[in-house]
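Residue-level listing of the chains:
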Amino acid sequence: MISFESDYDNGAVPEILKRLAETNDERCSGYGMDKYTISAIEKIRRACGKPDADVFFLVGGTQTNTTVIDSLLQGCEGVICKSVGHISVHEAGAVEAFGHKVLVLPGEGDKITAGELDRYMSAFCADETCQHMVQPGMVYITLPTELGALYGRQELKDLYDVCRKYKLYLYVDGARLGYALASPQCDYDLKFLADCCDVFYIGGTKVGAMFGEAVVFSNVRAPRYMFTIIKRHGALLAKGRMLGLQFDTLFTDDLYMRISAHAIYMAEKLKRVFKRRGVKMALDSPTNQQFVILSAEEKERLMSDVAFEVWQPLSNNELMCRFVTSFATTDEDLYMFDKALEKALKR
């Protein structure tokens with residue numbers, strides 16, 4: 001079975017597996033107090049241009065989002081995101097479970113613009129009853145977005161300016177951050193991102209690691225008891241070396257960006273396969289997620305040979321389907337997929 005179902009359906013890049021095996025017999029202190037985690041923190045600080053940034057490692061994305069959001073917000077505060085935002089749709093109410101309402105920003109699209117945030121906050125502050133409401137305390141965005149789009153340099157800067165105007169934290173979910181930064185359409189780097197938000201995380205689970213996310217408090221200090229907060233959330237890994245070593249490897253010899261660039265290159269080749277076969281693109285994504293429109297019958301035929309995800313049903317018996325590339329995508333995968341697609345499209 002050929003798989004374009006997700007970017008975390010493989011184990012990990014060979015470099016990580018090799019280092020895990022090489023260091024397996026070493027005895028290290030737990031909870032991130034080991035030399036590999038300390039090295040990874042320093043490498044990430046250098047990559048971000050933030051020598052004093054607070055960096056923490058957690059296991060997965062939902063765990064990271066709930067822990068970061070809960071650590072920075074007061075009990076009466078909520079977090080603003082788009083209606084399609086990951087914390088609003090695909091995290092099972094985890095943010096609300098820790099006492100913070102997800103405040104869904106009305107409107108189309110999957111990006112938050114500076115203008116719409118300003119209008120939302122202006123209307124909120126003008127409401128004489130706003131003290132009786134959940135108070136906006138943070139803005140949550142994903143990079144890339146849920147639909148594979150990018151925030152441009154000016155968009156990100158303008159959004160952060162509005163956040164500071166209203167004293168809102170800007171938090172960037174970077175589960176697929178490498179695929180954003182490696183896209184030819186991205187007009188900034190990791191250092192610029194670190195300057196234009198308060199806290200973000202560098203996704204490992206979906207970008208070559210076996211598991212793990214690196215949280216970076218780039219323009220605010222981490223809460224005083226962040227280590228304990230992580231523990232309280234059940235998010236503190238005793239074998240912290242397993243996280244630290246993976247990120248130490250990913251941030252050696254530019255591996256993180258190299259494997260991300262490979263996935264983008266393969267996504268562009270995948271897009272050309274769809275276009276050559278006459279399959280309509282649902283969106284023009286410049287990252288590793290590609291969305292196309294298939295009929296229900298075409299979807300069924302293609303799924304007999306290829307693993308992928310139905311994103312949402314459309315009208316007229318059509319479906320929007322998602323295909324994702326990763327560090328593990330090969331030319332052989334694309335060749336076999338082309339043949340499977342040809343067969344599925346035959347009437």
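For the structure itself, consult the block above.
Residues numbered from 1 in each chain as written. Predicted model: local features only at pLDDT ≥ 70, side-chain atom pairs only at ≥ 80, totals over all residues. Heavy atoms only, no water.

A. Representation of the packing of helix α12 (residues 255-276) against helix α14 (residues 331-345) within the structure. Look at α12 against α14: their axes get within 11 Å of each other, and the N-to-C directions meet at 20°. Accordingly, the angle class assigned to the pair α12 and α14 is roughly parallel. Crossing of α12 over α14 shows right-handed handedness. Residues M266, K269, L270, V273, F274 and R276 of α12 lie in contact with α14, whose contacting residues are D331, L334, F337, D338 and L341. (Axes fitted to C-alpha atoms, helices over the stretch in contact; angles between N-to-C directions. Helix = DSSP H or I, 4+ residues; strand = E, 2+ residues; numbered from the N terminus. Parallel < 35°, antiparallel > 145°, perpendicular 65-115°, else oblique. Left-handed = near helix turned anticlockwise from the far one by under 90°. Contact = heavy atoms within 4.5 Å.)

B. Structural context of the environment of R258. When you line up the elements, R258 lands in helix α12. For R258 and G178, which are 80 residues apart along the polypeptide, the C-alpha to C-alpha distance reads 9.0 Å. Within polar-contact distance, the side chain of R258 engages the backbone oxygen of D253 at 3.0 Å. (Polar contact = N/O pair within 3.5 Å; in protein donor to acceptor, adjacent residues only side chain to side chain.)

C. Geometry of the pattern of salt bridges. Within the structure shown, the criterion is met by 22 salt bridges. Salt-bridge contacts for D338 lead to R277; the nearest nitrogen and oxygen are separated by 2.8 Å. Residue D338 is found in helix α14, and its partner R277 is found in the loop between α12 and β9 (280-281); the two are separated by 61 residues along the sequence. With relative accessibility at 10%, the residue D338 sits in the buried group. R277 sits in the partly exposed class, given a relative accessible area of 28%. Ionic contacts of the salt-bridge type, sharing partners, join the residues R276, R277, D338 and E342 into one network. (Salt bridge = Lys/Arg side-chain N within 4 Å of Asp/Glu carboxyl O. Buried < 20%, exposed > 50% of the residue type's maximum accessible area, 1.4 Å probe, protein only.)

D. Up close: the sheet that holds strand β7 (residues 199-203). What the seven strands build is an open sheet, ordered β2-β8-β7-β6-β5-β3-β4; its pairing is mixed. The open sheet is flanked by β2 (54-58) and β4 (102-105), the only strands paired with a single partner. Averaged over all pairs of adjacent strands, the angle between strand axes in this sheet comes to 25°, irrespective of strand direction. When strand β3 (residues 77-82) meets β4, the two strands line up parallel, connected through four bridges. By the bridge assignment for β4, K82 is matched with L105. Contacts between helix α11 (residues 241-250) and the sheet are confined to β2, β7 and β8 (213-217), with β2 contributing the most and set at about 115° to the helix. (Pairing = 2+ DSSP bridges.)

E. Local environment of the pairing of β8. Across the five residues of β8, five count as buried, placing the element largely inside the fold. Alternating residues of β8 divide into E213, V215 and F217 and A214 and V216, and every residue in both groups is buried. Sheet topology places β2 next to β8; five bridges connect them, and they run antiparallel. Opposite D54, over in β8, you have F217 as the bridge partner.

F. Focus on the sheet that holds strand β10 (residues 289-295). What the four strands build is an open sheet, ordered β9-β10-β13-β12; its pairing is antiparallel. Both edges of this open sheet fall to β9 and β12 (309-313), since each of them pairs with a single strand only. Note that β10 and strand β13 (residues 318-324) share seven bridges and pair antiparallel. Within β13, the residue paired with L294 across the bridge is L319.

G. Broad picture of the side chain of K50. With respect to the helices and strands, K50 occurs in the loop between α2 (35-48) and β2. Separated by 3.1 Å, the side chains of K50 and N219 make a polar contact. Residue contacts for K50: discarding those within four places in its chain leaves R45, A194, D195, S218 and N219.

H. Spotlight on the packing of aromatic side chains. By the definition in use, this model includes eleven aromatic pairs. Their ring planes at 65° and their centres at 5.0 Å tell us that F274 and F323 sit as a pair that is edge-to-face. With F274 in helix α12 and F323 in strand β13, this pair connects stretches of sequence that are 49 residues apart. Residues F274 and F323 agree in their burial class; the two are buried. Aromatic side chains F308 and F323 sit 4.5 Å apart centroid to centroid with 20° between the ring planes, which places their arrangement in the stacked category. With F308 in the loop between β11 (306-307) and β12 and F323 in strand β13, this residue pair connects regions lying 15 residues apart in the sequence. The class for F308 is buried, based on a relative accessible area of 4%. With a relative accessible area of 0%, F323 lands in the buried category. Among the aromatic side chains, those forming a connected cluster through ring pairs are F4, F274, F308, F323 and F337. Stacked on the ring of Y151, the Lys or Arg K111 has its end atom at 5.6 Å from the ring centre. (Phe/Tyr/Trp six-rings, centres within 6.5 Å; stacked < 30°, edge-to-face > 60°. Lys NZ or Arg CZ within 6 Å of the ring centre and 35° of its normal.)

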